[in-house]
Amino acid sequence: MDRSFTINLATQQTIDAMDHLVAVLSLDGTIEMINHEWRIASKDQNGSTGSTAIGVNYFDILEKSEEFLLLFCIKKVLSGEHSSYRHTYPCHSPEKDQYFEMIVSTIKEGHDIVGLMVQHIDTTKFVDSQDQISDILESMTDGFFALDPNWKITHANQEALRLLHVSRKDIIGLSVWHAFPHLLNTEFEDAYRRAVAERITIRLEAYFDPKKTWFQVHLYPRKNGGLTVYFQSINERKRMEEQLFHSAYYDELTDLPNRKSLQKEINDSIAFSENKLEQFTVFFIDVDGIKNINDLYGHHMGDELLKQLGDRLEDITKGHFVARFGGDEFVLLYRGKAHTKDYERFSKSILLEIQRPFQILNYSEFSITASIGVSQYPDDGVTTEDLLSAADTAMYKAKEDKGNKVAVYHKQMKDTLAHRMLLLDLLKKAIDSDDLYFLFQPQVSALDGKITGIEVLSRWKDQHFGFISPGEFIPLAEESGLIKNITTKLIDHVFPLLKSWVDEDLFNGKVAINFSTLLLESDAFIEDFIKKLQIYDFPPGTIEIELTESVQLLTSPKINHHLQVLRQKGVRIAIDDFGTGYSNFAYLSEFPLDKVKIDMTFIHQIGTNKRVEEILHVLIQLSKKLGYDCVAEGVETKEQLNFLLQKKCKYIQGYYFFAPMEPEKLLLELNNQLPS
């Protein structure tokens, strides 16, 4: 016989010898053992094994009974903060008054608490005088008063006087309806009269306005007429419940309804519209520009703007429903049909209100725009998920069209989204296969055409769709997080090749790898990248990372820190496609740079646009003065090359010299450059 069974058997024998109700609980509150008296009481109450039988969780029973204070005190015993807990309570019936004492104590093995013992002892027989009853009533944490058959108050304990803000001389001997006239015509009066008339125990929760208090009340009819009333203030619990409800259904920042509240509202609108054969419209609003404000001025500024925007949307949508969906997204339910004059006016008013400048703190005004997608019930969906999905799809269409507009959903949009999701699934598979591969495009000296550097380029050839443009799959990879997988595969493919070329003295130039700013935010990715640099031990300055311009590069402390660490490890930093996107000359003066790559859109205008040629000249000269290498991308003609030579641009990349190539072909080109 094992030890735990012996202990359990001994414990069972011990509690069975007790003549009052005893149960043993596990640490999580499950009833593990009960004695004979408990078993009888449980059957008496429920007619079968009972809700307090073995296997039932006693803590859940207390919670469902809303005995939160009692549960709190028991858990204090369980945690070891108190050695035991005692609680006296009434358990009356119309036939007799009863009083019980509850005792909770720990069960230990050595110094460890392994369970709880709960005892309920009937103390009624020990109460043989009115003085003893009064002592018990005064020691209770509940308020108590007794009513005779004529509704007169015959007794009230100190807690009742405190809760009701009265003295004994104010109420004893008075009719409860005279002492508290505001009880008349309330659910309190209904409950009092029904308990007496039907001789039943009643429990209720209700708000008593004269005392500005929520009360939980237990009513026990007395054998010879009259009523016993036990009550307690539950203001704190109601306040907590209200806070929990608010936090569950309202957005913390804007105080607008949140996503959970929105889902309930759409479900209710669907049910209502089904019955009334009415339509409603869903607006999915994505705010453009919040991220830039966060990056430039801090998240507190972006948060303040979102709060002000929430207030505006709430003001202009009176009679409708608006919620914050999350981040910089809001959803609005329009009680009407799309493609009507009212709808068109409403749509325009939303865009205009969002575009109206925001004044935040002591800063100058901020302007933002929004992309809005619209779906309609029941044309575009008959479930909450379908309607939100359709509106979200339309919103992305509005964003693709440069934003600041409203796009109404149509079924062809789903095809576009389905294609996008298919590409994403195929991209995941391509990363794990040879469908995703890498080419090398040399960067050369403008003077002699010799290879000085290499850029590694990602390429994808799908077995069904054929070649898929990097302009299509790289943004998809960044949005989905797959860019990390692609870059890791690139590094693992390129570093061994490069190591062999360097060791064999075939190449001593620079190898450029495109890095997403998302990766520069990742501590884990940067740590892994540095470990690989240490393993392959390239000469300092061999590895170069190319970054696309973005506001995050200038404003993110983490990115800046990681770039400084990488430079200390011998990694060079280059800005790719300079002159497009978030162009900012601050890169050239404030950023830890080694190279600037001028975007091909400038190069392709050489010979046709004098203004662009002047800009190119300035960029080349400025880079030179700041000590940065300057590379012209996309050079395809002799005219372009001659212009760049004239302006003293030292490095060239483009089809005029080399197209992207396989590593085998690159190796031949490198061998051709070797001295004979």
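Structural notes, computed from the coordinates. (Residues numbered from 1 in each chain as written. Predicted model: local features only at pLDDT ≥ 70, side-chain atom pairs only at ≥ 80, totals over all residues. Heavy atoms only, no water.)

## What about the state of the cysteines?
Stated precisely, the cut-off is as follows: Note on terminology: disulfide denotes any pair of cysteine sulfur atoms within 2.5 Å. Exposure categories follow from relative accessible area, calculated using a 1.4 Å probe and restricted to protein chains: below 20% of the type maximum is buried, above 50% is exposed, and the middle band is partly exposed.
With the rule as written, the count across this model stands at zero disulfides. For the unlinked cysteine cysteine 630, the closest cysteine sulfur is that of cysteine 649, found at 4.4 Å. For cysteine 649, a relative accessible area of 2% corresponds to the buried category.

## Brief notes about the nonpolar core
Stated precisely, the cut-off is as follows: As used in this record, nonpolar core signifies buried Ala, Val, Leu, Ile, Met, Phe, Trp, Tyr and Cys residues forming a set joined through side-chain atoms within 4.5 Å. Numbering goes from the N terminus for both helices and strands, where a helix is a DSSP run of H or I of at least four residues and a strand is a run of E of at least two.
Counting residues in hydrophobic clusters, the biggest one holds 77 residues, and the most contacted among them are Phe529, Ile545 and Leu644. If you tally residues by element for this core, the top one is helix 18 (residues 483–503), at nine residues. Ranked by size, the runner-up nonpolar core spans 28 residues in total, among them Ile153, Ile171, Trp177 and Ala206.

## Section: a negative patch on the surface
Counted only if it meets this: Put simply, a patch holds well-exposed residues, over 30% relative accessible area, that have no salt bridge, with like charges counted together within 9 Å and Val, Leu, Ile, Met, Phe, Trp or Tyr side chains within 5 Å. Each accessible area value is a Shrake-Rupley result obtained with a 1.4 Å probe; residue values ignore everything except the protein chains displayed when judging cover. Throughout this description, the term salt bridge denotes a Lys or Arg side-chain nitrogen within 4 Å of a carboxyl oxygen of Asp or Glu. In this tally Asp and Glu are treated as negative and Lys and Arg as positive; neither His nor the chain ends contributes. To locate a charge, the coordinates of NZ of Lys, CZ of Arg, CG of Asp or CD of Glu are taken.
Where like charges cluster on the molecular surface, the negative patch consists of Asp28, Glu32, Asp60 and Glu63. Structurally, glutamate 32 can be placed in strand 2 (residues 31–34). Since its relative accessible area comes to 43%, glutamate 32 is described here as partly exposed.

## Quick look at the environment of arginine 259
So the rule is basically this: Only heavy atoms matter for contacts: two residues are in contact if any of them lie within 4.5 Å across the pair.
Within the element layout of this structure, arginine 259 appears in helix 11 (residues 259–276). Taking the C-alpha atoms as reference points, arginine 259 and alanine 323, separated by 64 residues in sequence, lie 6.9 Å from one another. Excluding its chain neighbours within four sequence positions, the residues that come into contact with arginine 259 are Arg324 and Phe325.

## Considerations on the sheet that holds strand 2
Heads up, the condition is: Two strands pair under a simple rule: DSSP has to find at least two bridges between them. In this analysis an axis means a line fitted to C-alpha atoms, helices contributing only their contacting stretch, and an angle means the value between N-to-C directions, from 0 to 180 degrees.
With antiparallel pairing, the five strands of this open sheet are ordered in space as 2-1-5-4-3. Each having just a single partner strand, strand 2 and strand 3 (84–90) make up the two edges of the open sheet. For this sheet, the mean inter-axis angle between neighbouring strands, taken without regard to orientation, is 20°. The sheet contact formed by strand 1 (residues 21–25) and strand 2 spans three bridges and is antiparallel. Within strand 2, the residue paired with alanine 23 across the bridge is isoleucine 34.

So yeah, pure geometry; function would need other evidence.
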